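What follows is each chain in one-letter form.
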Amino acid sequence: MIAALEKLLAADSYLLQVDANERSISHRFGMYLQQELLDYSVDCEYNRDGVEPKRIGYLDLHPDAEDTESKTVFPDIVAHVRGQKQNYLVIEFKKSSNTVNRAVDFQKLRGYKSDDRLNYEHALFIELTVGNHPGVVRAEWVDA
């Protein structure tokens with residue numbers, strides 16, 4: 001995980017400097033994470049539980065493909081075995097410029113960890129600084 005963050009900051013700091021969309025940043029991080037997690041598929045904005053849309057009912061959040069404020073239950077990044085119930089890691093990213101309450105991300109991550117259908121082994125919240133001095137503000141493992 002740390003190596004993937006280091007690669008992101010070294011190779012793609014421009015995205016953070018110009019405050020690019022979180023989806024662009026998480027995509028680049030996912031590419032670097034894939035190099036670290038060879039036994040899993042690393043996907044961004046993955047919205048499937050098998051063939052069904054991924055949902056966490058008690059959150060009362062409903063998928064919206066046009067959502068730019070991350071209020072849906074599409075995780076930013078997952079590491080899993082596609083088509084199987086092997087969900088290793090779920091990650092939510094937040095930029096320091098994003099005004100959405102971080103509690104929403106933590107609620108989603110706890111939901112992904114505690115949902116027996118999804119059963120993620122690990123959940124991680126990462127907040128990145130945007131602007132002239134990009135970096136990691138916060139990286140926190142989340143329990144159910």
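Let us look at the structure shown here. For every chain, the first residue of its written sequence is number 1, and the numbers climb from 1 along that sequence. Thresholds applied to this predicted model are a pLDDT of at least 70 for local features of residues and 80 or more for the giving and counting of side-chain atom pairs; totals over whole chains, interfaces and linings are not thresholded and use all residues. Excluding hydrogens and water, the side-chain figures rest on all heavy atoms present in the structure.

Each helix and strand counted, the chain has 4 helices and 7 strands in total. Helices and strands appear in the chain in the N-to-C order α-α-α-β-β-β-β-β-α-β-β. Taken across its 144 residues, the chain has 47% of its residues classed as buried. Pairs of residues are marked as contacts when any of their non-hydrogen atoms sit within 4.5 Å. Considering only intrachain contacts with a sequence separation of at least 6, the fraction spanning at least 24 residues in the chain is 62%. Throughout, the Shrake-Rupley method with a 1.4 Å probe supplies accessible areas, and for residues the shown protein chains are the sole cover considered. Carbon and sulfur atoms make up 47% of the accessible area of the chain, which totals about 7,500 Å². The helix count covers DSSP runs of H or I at least four residues long, the strand count covers runs of E at least two residues long, and both are numbered beginning at the N terminus. Between buried and exposed lies partly exposed: a residue is buried under 20% and exposed over 50% of the maximum accessible area for its type, with that area taken using a 1.4 Å probe on protein chains only.

Formed by 21 residues in total, the largest nonpolar core has its most connected members in Phe29, Leu33, Ile91, Ile126 and Leu128. In terms of residues, this core owes the most to one element, helix H3 (residues 22–36), which gives 4 residues. Formed by 11 residues, the second largest nonpolar core is a distinct cluster that contains Tyr46, Leu118, Tyr120 and Phe125. Among buried residues, the Ala, Val, Leu, Ile, Met, Phe, Trp, Tyr and Cys ones that are joined through side-chain atoms within 4.5 Å form a nonpolar core.

Picture the strands of a sheet paired through backbone hydrogen bonds; they go either parallel or antiparallel. For two strands to be treated as a pair, DSSP must find at least two bridges joining them. Read across the open sheet, the 5 strands follow the order E1-E4-E5-E6-E7; overall the sheet is mixed. Bordering the open sheet on either side are strand E1 (41–44) and strand E7 (135–141), each of which pairs with just one other strand. Across the sheet, the mean angle separating the axes of adjacent strands is 20° when strand polarity is ignored. Pairing of strand E4 (residues 77–81) with strand E5 (residues 86–95) involves 5 bridges; the strand directions are antiparallel. Opposite Val78, over in E5, you have Val90 as the bridge partner. Lying on the sheet, H3 is in contact with E1, E4, E5 and strand E6 (122–129); it crosses E5 at an angle near 140°. Every axis corresponds to a line fitted to the C-alpha atoms, with the helix fit spanning only the stretch in contact, and the corresponding angles, defined between N-to-C directions, vary from 0 to 180 degrees.

Moving on, we come to the packing of helix H1 (residues 2–11) against H3. One can describe the packing of H1 onto H3 by two numbers: an axis separation of 8 Å at closest approach and a directional angle of 135°. As summarised for this structure, H1 and H3 are arranged oblique, according to the angle between their axes. Of the two elements, H1 crosses H3, and the hand of that crossing is right-handed. Counting all contacts with H1, which are made through Ala3, Ala4, Leu5, Lys7, Leu8 and Ala11, the residues of H3 involved are Ile25, Arg28, Phe29, Tyr32, Leu33, Gln35 and Glu36. When the residues that make up the contact of H1 with H3 are grouped by side-chain class, the tally is 9 nonpolar, 1 polar and 3 charged. Here the angle decides the label: under 35 degrees means roughly parallel, over 145 means roughly antiparallel, 65 to 115 means roughly perpendicular, and every other value means oblique. In this scheme the handedness of a crossing depends on how the near helix is turned from the far one: anticlockwise by less than a right angle means left-handed, clockwise means right-handed. Nonpolar residues are Ala, Val, Leu, Ile, Met, Phe, Trp, Tyr, Cys and Pro. Charged residues are Asp, Glu, Lys and Arg, and all others, Gly as well, are polar.

A few words now on the pairing of E6. Buried residues dominate E6, accounting for 6 of its 8 residues. Pairing between E5 and E6: 7 bridges, direction parallel. Pairing of Val90 across the sheet is with Ala123, part of E6. Running through helix H4 (residues 102–114), the crossover from E5 to the neighbouring parallel element E6 is right-handed. Looking at chain direction, E6 and E7 are connected through 6 bridges and run antiparallel. Of the residues in E7, the one forming a bridge with Ile126 is Ala139. Between E6 and E7, which pair antiparallel and follow one another directly, the connecting turn spans 5 residues, one of which, Gly131, has a positive phi of 105°. When the strands point away from the viewer, a crossover counts as right-handed if the path from the first strand over the helix to the second runs clockwise.

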